[in-house]
Amino acid sequence: MFGLKRFFKKLLKDDTQKVEQKFSVDTVRNTFTNRYLNFKTLLNTNNEVLELITDMEQAFSGNRTFGMSFIRTNCTAISVNIYKIIDCLNEIANDKYKVLPEVLEGILPKIDRELQQKKLESGDELVLPLESVDKTMADLVGAKMANLGEVKNAVGLSVPEGFVITAAAYERFLEYAGLQDEINRQTQSLDPADIARLHETSSAIQNLIINTPCPPELEDAIMKAYTNLIKKTGHDIHVSMRSSALGEDTKNASFAGQYRSILNVGRENLILSYKEIIASKYSVPAISYRSNRGFRDEDIIMSVGCMAMVEAKAGGVMYSADPGNIRNECIIINAAWGLGKSVVDGSMAPDLFILSKENPKIILKNKISAKKQQLVPGVSEGIHLADVAGEQANNPAITNEQSALLGALALRLEKHFGDPQDIEWAFKPDGSVSILQSRPLMVLGEKLTEIQTKVDSATVILSDGVTASPGVASGPAFVVETTVDMLRFPSGAVLVTKNPLPQWAALLNSAVAVITDKGGVTGHLAAVAREFKIPALVGTSTATKHIHNEDLVTVDATGRTVYAGRAESLLKKAVEKTSLIKGSPVHNTLGNVLKYIAPLNLTDPDASNFTPEGCRTIHDITRFAHEMSLQELFGFKKDPSFPEHLAKRLVIDVPMQWWIIDLIGGCREGIEGDTIKLKDIISDPMLTLWEGITAIPWKGPPPIDTKGFFSVMYGATLDRSLVPGMPSRYNERNYLIISKNFCHLSSRFGFHFSTVEAFFGEKVAENYICFNFNGGAADDARRARRANLIKLILEKFDFWVKIKGDTVFARLERQEIPFLKERLKVLGHLVMHTRQLDMVLSNNGRVNKYLEEMLKELSSFVDVAQ
């Protein structure tokens, strides 16, 4: 098919009579209609791509949580749509831009490379003895076991004998049964906010891993290492098996309690326990944590540490610094009878010791809890609760001398690693101490021990507990006791629970604060709350008795107080939650992808690089295709061969030139000549739009201040269209392409470009209005204010609105025709009356002034009741 301009030129070469016989008016109209339908598809698809780009840019610069599925889904949608745009452009231009697909093929592989999973080099060893491990081996054994090997082999402290099942073993396990493809399939579009589906997917993947046979060579290596461990210890032993994933226990991401640990494991259950631990990579808390912290699935490779089980008389956790303020010179110790697991999972209220950092022998504060039960190893395997006899329940789990010893060890480890440490320890019955973990401690910037003055006007619900994570927040309470409660947990609620179990961490992205009956500052949930910057008050004893579902409360975790209602005086001081995802692998991947998608290099259609070959990004291709489609479709306006019966000038007393192109049924039949009158238009959407255009006559440009004048002058110096003798877009006509139920306005005036499109169909689902406005001669700030002014007006009339720079996108769809007609009038008014306003919007006060004026004008002819 000929391009339209070439088509009409061919018509001139033929005899006029032959042309009239060969090509009817319907043929010409059908030719143009086909081109316009492609143009319409191109515009709609172009807007979809720009919205996708905007969504990705806002995710990158904002505080929202997103995962790799968000990036991959958007990139796929952009890829599909950009091909559609190119196809439509070539349909309009008769394959004039065949090189564009080649240009696109040069961009997409760069995006694909950023999205591809990067395989980490993790060595070949399947199992390593702990005496061979140090802190340099985190990529092979994970940070937890690398640090523990360092404590044993470099610092020289007592650490149980053991071995590590490495990251290479994990990869070998997945490869052996080809699990990774199935895992990718199930997690590709998983939304961590969908708790029900998250549980379903988590269960499916964990069962898949647990039921998969272990590679024979891996099983042999594990059993051989276990046999060697028995030889070292001199007797048959059980082991504690702990996750040590790559990325876990690092300075910026603890993954505290997100993966599984299994204690007191015998020979016969070693392989099953190993599979259960690596499967816990896909537990609900772990998936949620990775998503919120911006870790890709491929960033986490599971290693597992196996250490001889310690018979603990007392155990717990200590911090070598105050996690609320590094300048607060103290050491914090939580201790309980038996295994320290009860401390880290928050199932019991531990003893608290706060020691001087300058002299660990000095106890600044202690609080001894009633510890009526303890966790102890089972006779055969596993662990269980046992009663604590008599007065021992109220006695300290450790002596003052033991607390001083622990304090000295904490300082020694802090000095060696160069950062404050979070340390798990256990005292044996003979009084010796073993270190079970040492990882970086995340330190915040507000003192945990600071108690604020109570708010006089607010009712205190409780004033007790320990500040696990400082801060103030308010919201409706929601009590969580079971996983069913997790499914019902509302966003913006205060999490209230008896035990601060690690699994509740999956709710922290939705919760505004945490209150628990039990637990201490060193528990796993407390650690994750600090990472998420969520106020957490633990160990209150009575929170679940005094706080009920939907109670509106204010949690002052810093002041260790919970108030009824909103304590506004406190909330004014609350620090806004910062993004957890910035700087993460997922965030960095999005930034790298956007380099090939978002930058706009093609800004001047008259520039020499405004060519297909000049397109370096997806945005460049959309800009090029949009501009060329306009030129191809409306290029006939300068061509004397353009037939008079297709474009007719509207004879009307309204500024600017208005030209009508009737696709079919938009005008009365039998209109001859190159002009048309408004009475001959029967397009319902156009007449409605025109009512808005003409309702209030335009008064001309607004008075401009000096800064606005120079801002416009500067913009003009950068625009070649204003150079004398150069082709200028500011003399172009405004085109209304219409049918009986359809109208598309493409309007240029000065530095401004706007499009309005509307369709009124027989079905409500077909009805829509779209609006696009951009441009301006003033500086960026003034144009942005004008865009915001338009947004404020449109939102008053129910439009969905999005702003990108000085560009406004708006739409309204699936509404009854009377409702849409009133909104279409609003757009007609804005097309005429927002021109050149950018020059005078020097501050937000001016925005409010014009907002009030325009809403008043619109109320005079728009029926807002519709």
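Everything in this summary refers to the structure shown in the same document. (Residues numbered from 1 in each chain as written. Predicted model: local features only at pLDDT ≥ 70, side-chain atom pairs only at ≥ 80, totals over all residues. Heavy atoms only, no water.)

For the rest of this paragraph, the subject is the overall build of the protein. Regarding its fold elements, the protein presents 25 helices and 30 strands. Here the protein holds 866 residues, and 57% of them are scored as buried. A separation of at least 24 residues holds for 68% of the contacts in the protein among residues at least 6 apart in sequence. Surface exposure of the protein reaches about 36700 Å², of which carbon and sulfur atoms provide 50%. (Helix = DSSP H or I, 4+ residues; strand = E, 2+ residues; numbered from the N terminus. Buried < 20%, exposed > 50% of the residue type's maximum accessible area, 1.4 Å probe, protein only. Contact = heavy atoms within 4.5 Å. Areas by Shrake-Rupley, 256 points an atom, 1.4 Å probe, with all protein chains shown as cover.)

To continue, consider the sheet that holds strand E3 (residues 239–243). One open sheet accounts for 5 strands, arranged E1-E2-E5-E3-E4; its pairing is antiparallel. Of all the strands in the sheet, the pair left with one neighbour each is strand E1 (127–129) and strand E4 (261–265). The mean inter-strand angle of the sheet, taken between neighbouring strand axes irrespective of direction, is 20°. Pairing geometry for E1 and strand E2 (residues 162–165), over 3 bridges, is antiparallel. In the sheet register, proline 129 faces E2, and the bridge partner there is phenylalanine 163. Taken strand by strand, helix H11 (residues 270–279) contacts E2, E3, E4 and strand E5 (304–308), and its axis lies near 25° from that of E3. (Pairing = 2+ DSSP bridges. Axes fitted to C-alpha atoms, helices over the stretch in contact; angles between N-to-C directions.)

Let us now look at the nonpolar core. Ile165, Ile209, Leu218, Met241, Tyr274 and Leu508 are the most contacted members of the largest nonpolar core, which has 71 residues in total. Those residues in contact with tyrosine 274 that lie beyond four places of it in its chain are Ile165, Ala169, Tyr170, Leu218, Ile222, Met241 and Val304. Membership of the second largest hydrophobic core comes to 51 residues, among which are Trp690, Leu736, Leu841 and Leu851. (Core = buried A, V, L, I, M, F, W, Y, C linked by side-chain atoms within 4.5 Å.)

In this fold, leucine 126 is placed in the loop between helix H5 (100–115) and E1. Along the backbone, leucine 126 and glutamate 171 are 45 residues apart, and their C-alpha atoms lie at a distance of 9.6 Å.

With respect to the helices and strands, the residue valine 472 is situated in strand E16 (residues 472–479). Residues valine 472 and isoleucine 534 lie 62 residues apart in sequence; the distance between their C-alpha atoms is 8.5 Å.

Summarising the sheet, strand E8 (residues 351–356) and strand E9 (residues 363–367) pair through 4 bridges and their orientation is antiparallel. Pairing of leucine 355 across the sheet is with isoleucine 363, part of E9. Between the end of E8 and the start of E9, which pair antiparallel, lie 6 residues.

Okay, the side chain of serine 273 next. Topologically, serine 273 is positioned in helix H11. At 2.8 Å, the side chain of serine 273 forms a polar contact with the backbone oxygen of asparagine 269. If we skip the residues at most four places from it in the chain, serine 273 touches Met241, Ile262 and Val265. (Polar contact = N/O pair within 3.5 Å; in protein donor to acceptor, adjacent residues only side chain to side chain.)

Let's shift gears to the pairing of strand E6 (residues 314–319). In terms of residue burial, E6 counts as a mostly covered element, since 6 of its 6 residues are buried. In E6, alternate side chains face the same way, and those of Ala314, Gly316 and Met318 on one face and Gly315, Val317 and Tyr319 on the other are all buried. Relative to strand E7 (residues 330–337), E6 is paired through 6 bridges, and the arrangement is antiparallel. Note that in E7 the partner of alanine 314 across the bridge is tryptophan 337. In the sheet, E6 pairs with strand E12 (residues 421–427) via 6 bridges, with the strands oriented antiparallel. Bridge assignment links tyrosine 319 to a residue of E12, and that residue is aspartate 422.

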